[in-house]
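# Analysis of the macromolecular model
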Amino acid sequence: MRTRFKNGRLPITDVEQTVLRFVWLNPGKSRAEIAEKLNLSKSMLSKAVQTFEQMQLVIEERSTPSEGGRGQPPIRLFLNKNAFYSIGLYLTPQDGIAILADLSGSVHETRIIKPKGNAQSILEGIRDAVGDLIENAPAPVIGIGQAVPAIVRENGTLFEISPRQFSIPFQDIAASLRETFELPVYWENAAYCIAGFEAHKPESGRRCVFHLTLDSGIGGGLVIDGKIFRGAYNQAANFGALIPETGPRPNLPDLAQHLGCAIERLTMDYLIKLFKGQDASLVDWIKDRGNRLSQPLSAVVQLYNPDTIVLGGSLPFEILTALCAQINLGFYDLPTRRSLIKPSLTATELLGPSGLANAAAILPVGAELMGLPAVVPKID
C-alpha cells in the first residue's frame, strides 16, 4: 500500500503539528485543556481538530459521567495510532531487521534480512523486506527510519562509523529505498534513536532523557524537550569518552573477556541463563561495572540534570536492571551543597537489533507528523 502523499510532508500547519504532538504525548485531554495549555483560541483548536478528523488522525471519546456530576462530561482526544504506519530498519554485516510500527510505536510485523552476495543482492534483500512490509501495512506508510552505528551530521552525512559496520553501504541503501518507494528516509545514531523513543512515550512527561548504550562499545544520546542535543559539532553525549579504553568498560567485549569466552557466545538467551543461575563471574562483573558507571553518570546528572537515564544496548533487560541497582548518582554530591534532584534510572525494553529498528520507526513519525527535526541522508 502506497502512502497518500509522495516526497513531502502531510498538509498540516505548524500550529496543527504542535497540537498533534501534544495529543501524542498527552492522550485523553479535553479540547479546553489543550487550548489552555497551548494558549490557543477555541476556533484555532477546532480548525486543527477538523483537519485531523478529515485525515482520521485523532479519535474523540466522551468521558464517562462521574457520579453526582452535572452537565455533559468533556470529549477527550486521542491519537489514532492506526492512521499511518512507519518502517524501522537496523543492519549489521551479518543480519538485519525491518519492522512495521503504528503511530504509538507498537510493532505489527517484522522481517529478518540476511545480507549475502554482492552489493546489488544486499540492496535487493533490503528492498524486498521493506516492500513486503509496505504492501502488508493496514494503512499508508509515512516514511522509513534507519538507526545507524555512527555519528550523524545535521547535513545528512555520517562519520565515526563503527569499524564492525563500516562495510555497510548506508548511503546506497537510503538512496535505493527513497527511489524505489517514493518515501522520505531518515537516519539517526542508534543511541539517539532509543533516547528519542523513550523521550516521546505518552504520559511520561520526560523533558530530558539520556540514553546509555552498552554494545560492542559504549555510547550515549541526549534528548531535551523532544529535540536531540548534538552540541556545536554533532558529538555531544559521547559517553564512551568518559570511560577510558585502557581499563574495564561495561560492554560486550569486556564481558566476554571477563567470562573467558568468545563474544559470539554472548547471546541474549545465554546471558539470561547465566543471570538466572547467578553465575558468580557475571555477578562480580555487574557489581564492579555498575560501580564504575557511577562517576560518569553522576557527571551527566550535574551537566544536564535529566529526569530520566535509560540503559540499553545488547545486554538483557535483567542484567541492565541489575547494573542500574549498582549505580550511585550522587558521586559529586557535597554535604555543604544542596544536591540535585536525581533522575529515574531504568533499562529500556528496546534491546538489540529489533529494539533499534523499533526505535528508528519513530523518526518519520516525528518528522512527518509532529514537526520534530530529523536528518535526511545526503545522497550524491
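Below, the structure is looked at part by part.

What counts and how
Residues numbered from 1 in each chain as written. Predicted model: local features only at pLDDT ≥ 70, side-chain atom pairs only at ≥ 80, totals over all residues. Heavy atoms only, no water. Helix = DSSP H or I, 4+ residues; strand = E, 2+ residues; numbered from the N terminus. Rg over C-alpha atoms; globule rule 2.2 N^0.38 Å. Buried < 20%, exposed > 50% of the residue type's maximum accessible area, 1.4 Å probe, protein only. Contact = heavy atoms within 4.5 Å. Areas by Shrake-Rupley, 256 points an atom, 1.4 Å probe, with all protein chains shown as cover. Lys, Arg positive; Asp, Glu negative; His and termini not counted. Charge placed at Lys NZ, Arg CZ, Asp CG, Glu CD. 1 Å grid on protein atoms, 1.4 Å probe; cavity = no way out; pocket = protein on both sides within 12 Å on 5 of 7 lines; lining within 4 Å. Points joined across faces, edges and corners; volume = space filled by probe spheres on them. Nonpolar A, V, L, I, M, F, W, Y, C, P; charged D, E, K, R; others polar. Phe/Tyr/Trp six-rings, centres within 6.5 Å; stacked < 30°, edge-to-face > 60°. Pairing = 2+ DSSP bridges. Axes fitted to C-alpha atoms, helices over the stretch in contact; angles between N-to-C directions. Core = buried A, V, L, I, M, F, W, Y, C linked by side-chain atoms within 4.5 Å. Parallel < 35°, antiparallel > 145°, perpendicular 65-115°, else oblique. Salt bridge = Lys/Arg side-chain N within 4 Å of Asp/Glu carboxyl O.

## Some thoughts on the overall build of the chain
Within the chain one finds 12 helices and 15 strands. Taking 21 Å as the expected radius of gyration for a compact globule of 380 residues, we find that the chain reaches 22 Å, a close match to that expectation. Considering the chain as a whole, with its 380 residues, one finds that 51% of them fall into the buried category. Contacts in the chain between residues far apart in sequence, at least 24 positions, make up 69% of those at least 6 positions apart. As displayed, the chain has an accessible area near 18,200 Å², and 49% of this comes from carbon and sulfur atoms. For the chain, the centre of its 37 positive side-chain charges and the centre of its 38 negative side-chain charges are spaced 4 Å apart.

## As for the layout of surface pockets
In this model, the second largest pocket occupies a volume close to 330 Å³. Taken together, 21 residues form the lining of the second largest pocket, with Gly226, Ile228, Leu372, Pro373 and Ala374 sitting closest to its centre. Listed by contribution, the elements that provide at least two residues to the lining of the second largest pocket are helix H6 (190-199), strand S13 (227-228) and helix H12 (362-368). For the lining of the second largest pocket, the per-class residue count stands at 13 nonpolar, four polar and four charged.

## A word on unusual backbone geometry
Unlike most non-glycine residues, Glu182 shows phi in positive territory, near 50 degrees. Within the secondary structure, Glu182 sits in the loop between helix H5 (170-181) and strand S10 (185-189). You will see that Asn305, though not glycine, has its phi angle at about 50 degrees, which is positive. Take Asn305: it is sitting in the loop between helix H9 (280-304) and strand S14 (308-313).

## Looking at the packing of aromatic side chains
Summed over all chains, the structure comprises three aromatic pairs. With a centroid separation of 5.7 Å and an interplanar angle of 50 degrees, the aromatic rings of Phe210 and Phe239 are classed as tilted. In this pair, Phe210 sits in strand S11 (residues 208-214) while Phe239 sits in the loop between S13 and helix H7 (252-259), placing the two residues 29 residues apart along the sequence. For the pair formed by Phe210 and Phe239, the shared burial category is buried. Measuring from ring centre to ring centre gives 5.1 Å for Phe331 and Tyr332, while their planes differ by 80 degrees; the resulting arrangement is edge-to-face. Look at Tyr332 and you get partly exposed, because its relative accessible area is 32%.

## Thoughts on the pairing of strand S6 (residues 107-113)
Two elements, strand S5 (residues 96-102) and S6, share six bridges in a ladder whose sense is antiparallel. Across the sheet, the residue bridging to Gly96 is Ile113, located in S6. Here S5 hands over to S6 after four residues, with Gly105 in that stretch at a positive phi of 95 degrees.

## Quick word on the sheet that holds strand S1 (residues 29-30)
The sheet built from three strands is open, its strands ordered S1-S3-S2 with antiparallel pairing. In this open sheet, the two edge strands, each paired with only one partner strand, are S1 and strand S2 (58-62). Examined bridge by bridge, S1 and strand S3 (residues 75-79) share two bridges and lie antiparallel to one another. Considered in S3, the bridge of Lys29 is made with Leu77. Across the face of the sheet, helix H1 (residues 14-25) comes into contact with S1, S2 and S3 while running at roughly 95 degrees to S3.

## Some details on the nonpolar core
Across soluble globular proteins, nonpolar side chains have a tendency to be buried as a group. Val19, Leu20, Leu57, Leu103, Leu369 and Met370 are the most contacted members of the largest nonpolar core, which has 46 residues in total. With five residues, the single largest contributor to this core is H1. Non-local contacts of Val19, meaning those with residues more than four positions away in its chain, are made with Ile34, Leu38, Leu40, Leu45, Ala48 and Phe52. With 37 residues, the next largest nonpolar core counts Cys208, Leu214, Ala236 and Leu315 among its residues.

## Here's the deal with the packing of H1 against helix H3 (residues 42-54)
One can describe the packing of H1 onto H3 by two numbers: an axis separation of 10 Å at closest approach and a directional angle of 80 degrees. Between H1 and H3, the interaxial angle falls into the category roughly perpendicular. Where H1 abuts H3, its residues Val15, Glu16, Val19 and Leu20 lie against Met44, Leu45, Lys47, Ala48, Thr51 and Phe52. For the contact of H1 with H3, the residue count by class is seven nonpolar, one polar and two charged.

## Details of helix H11 (residues 352-360)
In an α-helix there are 3.6 residues to a turn, and that puts residues three or four apart on one side. Of all nine residues in H11, seven are buried; the element is thus mostly enclosed. Along H11, the residues that are buried comprise Gly352, Gly355, Leu356, Ala357, Asn358, Ala359 and Ala360.

## With respect to the pattern of salt bridges
Evaluation of the coordinates by the stated rule reveals 12 salt bridges. Because the salt bridges share partners, they merge into one network encompassing Asp254, Asp288, Arg289 and Arg292.

## Quick word on the sheet that holds strand S4 (residues 85-91)
Strands in a sheet are paired, the pairing made by backbone hydrogen bonds, and the direction either parallel or antiparallel. Reading across the sheet, the five strands line up as S6-S5-S4-S7-S10 and stay open at both edges, with mixed pairing between neighbours. The outermost strands of the open sheet, each flanked by one partner alone, are S6 and S10. Within the sheet, the average angular offset between the axes of one strand and its neighbour, ignoring direction, is 20 degrees. Relative to strand S7 (residues 141-148), S4 runs parallel, the two being bridged by five bridges.

Any functional reading would require information that these geometric values do not contain.
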